[in-house]
Amino acid sequence: ILATFLRQWNAEAFGVSIDLIRTRSRSRLAKVCGATRHSVSHDDDGSSTRRGFLLTLPGLALPLVVNQQPSLANDDSPNKPPKILVLGKGFLGSQVCSTLADLGIETIATTRDGRDGTVALDFLQDDVSQKVERLAFGCSAVISCVGAIGTKHDKAVNAGTGLAAQGAKRAGVERFVYITVATEVKEFARDVEFLQEYMSGKTSSREVVLEEFNGKAVLIEPTFIYGGGSFELNPPRVASFYGQLIEGILSSNPIRNVERVLSPGFVKIALEPPVPVEDVAKAAVAGALGETQAILDSYDKIKQASSQLA
């Protein structure tokens, strides 16, 4: 009977708007028994409308067509493809971008001068917080690979990641990954004059990132990263062939057993195996995708995190 009844009504009966629902609120509340004639309303031209009556039918769910304005907030739908902002496409940042590309993840990358199709972002000239806020809008995560050592601007550049974290937070970014330096290295370098500005900036950014992204920040803190085909002084690194040799020796069980029982200091730092740039990049991407723990402050933790993308 209901099917026969519904076929008599044209599609107009189902185009219910929000305004109509408000104006027919009294009809919706009316009882079908003994109140049907009151539940049938009239349009302005005096013709009977079927909408008011249909709203009173018990158990009948009418489709509502609601015109919503698009949200300005990030879409947190689990099915939405991630988009990640990479700050600093240098030695490490380039490897991070390569890892993201291999996974088919959309990437926005920055360099100081905007080279190679990146976005120009100068941590000394630009309003870092505001520019990152604009760049990060719609991104699910930000990975900061920014760093400077041995320059007169070490403190300002290395503190810039903290400003970037504030901008990313305002943009609605969910996760922030910061590749910094191991705590034991900072402790050791405390009295090394030419490293004090570098460490001060790194420490400042670390604190801000943790504050802004409480529970959603990932810190990657290696003692030494190696990679590439040559030795470099700024930033200091060794080539892959040599780094692999040293890693193989220092990651052997006898050396690791000694390193683990040592007190913090130069010897302990020297015996910590260096980490290949590929593994640091994988750990960073794993952090951006929410697949690893918050603080990766040892060789073993970084290697474990990198294996999440293997």
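Before any of the text, the structure's been laid out above.
These notes cover the structure that comes with them. Bear in mind the structure is a predicted one, so any value in this text is a computation, not a measurement. (Residues numbered from 1 in each chain as written. Predicted model: local features only at pLDDT ≥ 70, side-chain atom pairs only at ≥ 80, totals over all residues. Heavy atoms only, no water.)

## Side note on a nonpolar patch on the surface
Residues F231, F241, Y242, L245 and I249 make up a contiguous nonpolar surface patch of about 530 Å² in total accessible area. Here Y242 shows up in helix α11 (residues 240-250). A relative accessible area of 37% places Y242 in the partly exposed class. (Patch = residues over 30% accessible without salt bridge, like charges linked within 9 Å, V, L, I, M, F, W, Y side chains within 5 Å. Areas by Shrake-Rupley, 256 points an atom, 1.4 Å probe, with all protein chains shown as cover. Salt bridge = Lys/Arg side-chain N within 4 Å of Asp/Glu carboxyl O. Helix = DSSP H or I, 4+ residues; strand = E, 2+ residues; numbered from the N terminus. Buried < 20%, exposed > 50% of the residue type's maximum accessible area, 1.4 Å probe, protein only.)

## A word on the sheet that holds strand β1 (residues 83-87)
The strand order β3-β2-β1-β4-β5-β6-β11 describes an open sheet built from 7 strands, whose pairing is parallel. Looking at the sheet topology across the chains shown, the edges are occupied by β3 (119-120) and β11 (295-296). As paired strands, β1 and strand β2 (residues 106-111) are joined by 5 bridges and run parallel to one another. By the bridge assignment, K83 is partnered in β2 with E106. Contacts from helix α6 (residues 91-102) reach β1, β2, β4 (141-144) and β5 (175-179), with the element oriented near 165° to β1. Against the sheet, helix α8 (residues 154-170) touches β1, β4 and β5, its axis set at about 175° to β5. (Pairing = 2+ DSSP bridges. Contact = heavy atoms within 4.5 Å. Axes fitted to C-alpha atoms, helices over the stretch in contact; angles between N-to-C directions.)

## Comments concerning helix α10 (residues 193-212)
Since there are 3.6 residues in each turn of an α-helix, residues three or four apart along the chain are aligned in direction. Compared with the 28 Å implied by 1.5 Å per residue over 20 residues, the 30 Å span of α10 between its first and last C-alpha is a close match. Residues L195, Y198, M199, G201, K202, S205, R206, V208 and V209 constitute the buried set of α10. Buried residues along α10 sit against α8, β5, α9 (183-188), β6 (217-220) and β11. (Expected span 1.5 Å × (residues − 1).)

## Quick notes on the nonpolar core
Membership of the largest hydrophobic core comes to 30 residues, with the highest contact counts inside it found for I84, V96, I143, I179, I220 and V280. Listed by contribution, the elements that provide at least two residues to this core are β1, α6, β4, β5, β6, α14 (277-288) and α15 (299-306). A total of 8 residues in this core trace back to one element, the largest contributor, which is α14. When neighbours within four sequence positions are excluded, I143 is seen to be in contact with I84, L85, V86, L87, V96, V177, I179, A284, V285 and A288. Of all hydrophobic cores here, the second largest spans 24 residues; its members include L121, F123, A164 and F176. (Core = buried A, V, L, I, M, F, W, Y, C linked by side-chain atoms within 4.5 Å.)

## Considering unusual backbone geometry
Residues other than glycine seldom take positive phi values, yet D116 does so here, at roughly 55°. With respect to the helices and strands, the residue D116 is situated in the loop between β2 and β3.

## Some details on the pattern of salt bridges
The full count for this structure, using the stated rule, is 14 salt bridges. Where K268 meets E259, a salt bridge forms, and the shortest distance between an N and an O atom there is 3.3 Å. Judged by its relative accessible area of 18%, K268 falls in the buried class. On the accessibility criterion, E259 (5% relative accessible area) is buried. A salt bridge links K303 to D279, with the shortest nitrogen-to-oxygen separation between them at 2.6 Å. Here D279 lies in helix α14 and K303 lies in helix α15, a separation of 24 residues in the sequence.

## A short note on the side chain of T223
Note on placement: T223 falls in the loop between β6 and β7 (225-226). In this structure, T223 is in contact with A182, E184, V185, E272 and P273, ignoring residues within four places of it in sequence.

## Considerations on the packing of α14 against α15
Describing two packed helices takes the angle between their axes plus the distance from one axis to the other. In the contact formed by α14 and α15, the axes pass within 7 Å of each other and the chain directions differ by 65°. Comparing the axis directions of α14 and α15 gives the class roughly perpendicular. For α14 against α15, the interelement crossing comes out left-handed. Here α14 contributes D279, V280, K282, A283 and A286 to the contact with α15, which in turn contributes I302, K303, A305 and S306. Of the residues that constitute the contact of α14 with α15, the class distribution is 5 nonpolar, 1 polar and 3 charged. (Parallel < 35°, antiparallel > 145°, perpendicular 65-115°, else oblique. Left-handed = near helix turned anticlockwise from the far one by under 90°. Nonpolar A, V, L, I, M, F, W, Y, C, P; charged D, E, K, R; others polar.)

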